[in-house]
Amino acid sequence: MKKTFLLIALSILLFNCKTSKNKEIITGFIAEKAMVVSAREEASKIGTDILKKGGNAFDAMVATELALAVAYPYAGNIGGGGFMVYRKSNGETGALDYREKAPLASSKNMYLDAAGTIIPEKSTLGAMGVGIPGTIAGVFEVHRKFGSMPMQTLLQPVIALAKRGVVVTKKQAGKIKSYQAQFLRANKDSILFTKNWKENDTIKYHALAATLTRIQKNGRNEFYKGETAKKLSAFIQANGGIMTLEDLAKYEAKWRTPIAFKYDDLNIISMSPPSSGGICLAQIMNGIEIYDLDKYGHNSVKAIQVITEAERRAYADRSFFLGDPDFVNIPVKTLISKTYVNGRMDDFSFEKATKSADISHGNIAMVESDETTHYSIVDQFGNAISATTTINAGYGSKLYSNELGFFLNNEMNDFSSKAGVPNMFGLIGAKANEIAPEKRMLSSMTPTIVEKNGKLWMVVGTPGGSTIITSVLQTILNVHEFGFGMQEAINQPRFHHQWLPDVIMMEPNQFNKRTTDVLKKLGYNINEKDSPVIGKVEGILILPNGKLEGGADPRGDDKAIGF
């Protein structure tokens, strides 16, 4: 280990104190026993209330996930899917894949015209972009395996919230307004969100409440085989899509083995394929481990160089090797091995930037939205959940069922519609992620749990499309390398590089101009104009005294609640 990192309990718990350098210490919400951090206060409260009633983290996951579908329709959903990584109090870990799948009628070239050119918006706007939703299957599978309270009990406060309504925040009002033109293009009729909603208005979700009530009464199969399934498949087809009742009936969530790796004295547990998150995170952290980031300084020229160059190489490998492991052979052990990654960093020099044009995928013999949402949970029993869920773009495909009360994803865009052509997040894809019936599309979602000295230490994750991996990375490094608490780590300005395009995206007006000027002289392309937000991290840090510090990202309406 290149250094020993000690977090002093007293300094963490002091609020609004000044350090010797007159720097204000920012501390997040502190809880004694349990906590939920999510994108909306309503969802965090419902999840925490379940914990207060004696439920465990898995019960709280069900309630929080579905509450986000009500309170945060921008990304929370029952029309999408996601990934969850867990750690039980006994140290057992695992992961659940409830990612969407391609319909049976899908084909490799379904988004190309006769000339082989991608048809604009076919995979992003409307019914043709919709993958088979996995969220309901996911929460029911979690409940089946680990739940301790009746599903009816977990759904009741969510249904009540939908009926009672959710107060529109300033940020939500702005998002709704900015997407209304697309809502009108994607839907044949006006929808709930084409109304002129303003801050402090209350939106009541009666249709969604009715759908959730049917699910509460009839269980998982209501969504995949029952009345809701029939209405959903008919709606998709009436709008030009290809999803069928058979597609829904065949969908299953799948348990996976998470990606686990060491970094200094940390054991990091993250999501496995078809998410690229865990593998890319491992590659980047393996690439930077030998460098003295703590000595270089937070967001210094050298620290940004090292992290950028490791990211560049990891994303190049992502585009070539990664896809659905049920369809492609992924060399996981090699990709996350320190030997392989160190070899990839051999040509890095502090003297000048590596050009992405000169970086391809690694040589291995062969024998995934910026509009996602994440929540982190630690319960009073010591169980931890890190879950990221999405409908891909903001409000997904923009296609909304007035009868069922929810938006549908446009997750099909996360496949490689054509090798070498970027998706909406600028990510380049290859054959490993080409479209095939019942295949799960590659993701960047990176729900992550970190152990220190064999004990639970951190639960973290974020939305952010291609920036998810790098936002999780920087949050972990901010705590481990640079000594920030959880809230302060989340508040720090972030940057991102993903191989192509060959540019470092930086949150605007947040980085020292001298730093960016030096980076430019070294040959790095800097873009501070097009990244107003990089990630919205939700994290929980276990403090030395056993208490929990919640970090809720101020870039959104996020909230940590606990007891």
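Residues numbered from 1 in each chain as written. Predicted model: local features only at pLDDT ≥ 70, side-chain atom pairs only at ≥ 80, totals over all residues. Heavy atoms only, no water.

Looking up the protein chain in an unreviewed UniProt entry gives the name Glutathione hydrolase proenzyme, with the organism given as Polaribacter irgensii 23-P. You can read under Sequence similarities (unreviewed entry) in the UniProt record for the protein chain the words "Belongs to the gamma-glutamyltransferase family." (UniProt positions renumbered as here; feature names shortened; annotations may be inferred.)

J.: Explain the sheet that holds strand S1 (residues 29–31) to me, using residue names and the numbers behind them.
T.: Judged by pairing direction, the sheet is antiparallel, and its seven strands sit side by side in the order S1-S20-S19-S15-S14-S9-S8 without closing on themselves. Taken across any chain shown, the strands that pair with only one partner, and hence form the sheet edges, are S1 and strand S8 (259–263). Taking each pair of neighbouring strands and ignoring which way they run, the sheet shows an average axis angle of 20°. Relative to the sheet, helix H11 (residues 277–288) contacts S8, strand S9 (266–270) and strand S14 (448–452), its axis offset from that of S8 by approximately 15°. Across the face of the sheet, helix H16 (residues 468–480) comes into contact with S8, S9, S14, strand S15 (455–461) and strand S19 (538–542) while running at roughly 140° to S15. (Pairing = 2+ DSSP bridges. Helix = DSSP H or I, 4+ residues; strand = E, 2+ residues; numbered from the N terminus. Axes fitted to C-alpha atoms, helices over the stretch in contact; angles between N-to-C directions. Contact = heavy atoms within 4.5 Å.)

J.: Give a description of the packing of helix H13 (residues 301–321) against helix H18 (residues 513–521) that names residues and reports values.
T.: Across the interface, H13 lies against H18 with an axial gap of 10 Å and an inter-helix angle of 50°. Relative to H18, the element H13 lies oblique. The way H13 lies across H18 gives a crossing that is right-handed. When H13 is examined against H18, the residues Val301, Ile304 and Gln305 are found in contact with a partner set consisting of Thr515, Val518 and Leu519. A breakdown of the residues in the contact of H13 with H18 according to their chemical character gives four nonpolar, two polar and no charged. (Parallel < 35°, antiparallel > 145°, perpendicular 65-115°, else oblique. Left-handed = near helix turned anticlockwise from the far one by under 90°. Nonpolar A, V, L, I, M, F, W, Y, C, P; charged D, E, K, R; others polar.)

J.: Which residues make up the sheet that holds strand S10 (residues 372–378), and what values go with them?
T.: Backbone hydrogen bonds hold the strands of a sheet together, and the pairing may be parallel or antiparallel. Strand order across the open sheet formed by seven strands is S7-S4-S3-S11-S10-S2-S21, with antiparallel pairing between neighbours. In this open sheet, the two edge strands, each paired with only one partner strand, are strand S7 (254–256) and strand S21 (559–562). Strand-to-strand twist of the sheet, defined as the mean angle between neighbouring strand axes without regard to direction, takes the value 15°. Direction of pairing for strand S2 (residues 35–38) relative to S21: antiparallel, over a ladder of four bridges. Bridging across to S21, Val36 finds its partner in Ile561. With respect to the sheet, helix H2 (residues 41–52) is in contact with S2, S10 and S21, its orientation differing from that of S2 by roughly 160°.

J.: Describe in detail the packing of aromatic side chains, supporting the description with residues and values.
T.: This structure, assessed with the given rule, holds 28 aromatic pairs. Their ring planes at 90° and their centres at 6.0 Å tell us that Tyr291 and Phe350 sit as a pair that is edge-to-face. Of this pair, Tyr291 sits in the loop between H11 and helix H12 (293–296) while Phe350 sits in the loop between helix H15 (338–344) and S10, and the two are 59 residues apart along the sequence. Taking relative accessible area as the criterion, Phe350 reaches 22% and is therefore assigned partly exposed. (Phe/Tyr/Trp six-rings, centres within 6.5 Å; stacked < 30°, edge-to-face > 60°. Buried < 20%, exposed > 50% of the residue type's maximum accessible area, 1.4 Å probe, protein only.)

J.: Before we move on, can you summarise empty space enclosed by the protein with the specific residues and values?
T.: If you add up the space inside the largest cavity, you get close to 80 Å³. In terms of lining residues, the largest cavity is bounded by 13 residues, among which Ala69, Pro73, Gly76, Phe406 and Phe407 are the most central. Considered class by class, the residues forming the lining of the largest cavity number ten nonpolar, three polar and no charged. (1 Å grid on protein atoms, 1.4 Å probe; cavity = no way out; pocket = protein on both sides within 12 Å on 5 of 7 lines; lining within 4 Å. Points joined across faces, edges and corners; volume = space filled by probe spheres on them.)

J.: For the pairing of strand S20 (residues 548–552), give the residues involved together with the corresponding values.
T.: On any regular strand, side chains alternate: one points to one face of the sheet, the next to the other face. With five of five residues buried, S20 is to be regarded as a mostly interior element. Residues of S20 alternate between two faces, with Leu548, Gly550 and Ala552 on one and Glu549 and Gly551 on the opposite face, all of them buried. Relative to S20, S1 is paired through three bridges, and the arrangement is antiparallel. Each residue of the ladder has a partner; that of Phe29, found in S20, is Gly550. With antiparallel pairing between neighbouring strands as the criterion, S19 and S20 make up a hairpin whose turn holds five residues, including Gly546 at a positive phi of roughly 90°.

J.: Tell me about the nonpolar core, residues and numbers included.
T.: Grouped together as the largest cluster of nonpolar side chains are 82 residues, with contacts concentrated most on Phe193 and Ile385. Ignoring anything within four residues of it in the chain, the contact list for Phe193 reads Pro73, Ile176, Gln180, Phe183, Ile203, Tyr205, Tyr400 and Phe407. (Core = buried A, V, L, I, M, F, W, Y, C linked by side-chain atoms within 4.5 Å.)

J.: Report on helix H5 (residues 151–164), specifying residues and quantitative values.
T.: Counted at 1.5 Å a residue, the expected span for H5 with its 14 residues is 20 Å, and the 20 Å between its end C-alpha atoms agrees. Among all positions of H5, only Met151, Leu154, Leu155, Val158, Ile159, Leu161 and Ala162 are buried. Contacts from the buried residues of H5 go to H2, helix H3 (57–71), helix H4 (135–146), strand S5 (166–167) and helix H7 (206–218). Just past H5, the residue Gly165 takes up positive phi, approximately 100°. (Expected span 1.5 Å × (residues − 1).)

J.: So, the UniProt feature "active site" (unreviewed entry) in the protein chain: which residues are in play, and what are the values?
T.: Here the UniProt feature "active site" (unreviewed entry) sits at Thr372. Mapped onto the fold, Thr372 is located in strand S10. Classification of Thr372 by relative accessible area gives buried; the value is 2%. Each residue touching Thr372, except ones within four places of it in the same chain, is listed here: Ala75, Thr388, Thr389, Thr390, Asn392, Met445, Pro463, Gly464 and Ile468. At 3.1 Å, the side chain of Thr372 and the side chain of Thr390 are in polar contact. (Polar contact = N/O pair within 3.5 Å; in protein donor to acceptor, adjacent residues only side chain to side chain.)

J.: Residues and numbers for the side chain of Glu309, please.
T.: Among the structural elements, Glu309 can be located in helix H13. Accessibility expressed as a relative area gives 0% for Glu309, which makes it buried. At 2.9 Å, the side chain of Glu309 forms a polar contact with the side chain of Arg312. Discounting chain neighbours no more than four positions away, the residues touching Glu309 are Met345, Phe348, Ala353, Thr354 and Tyr524.

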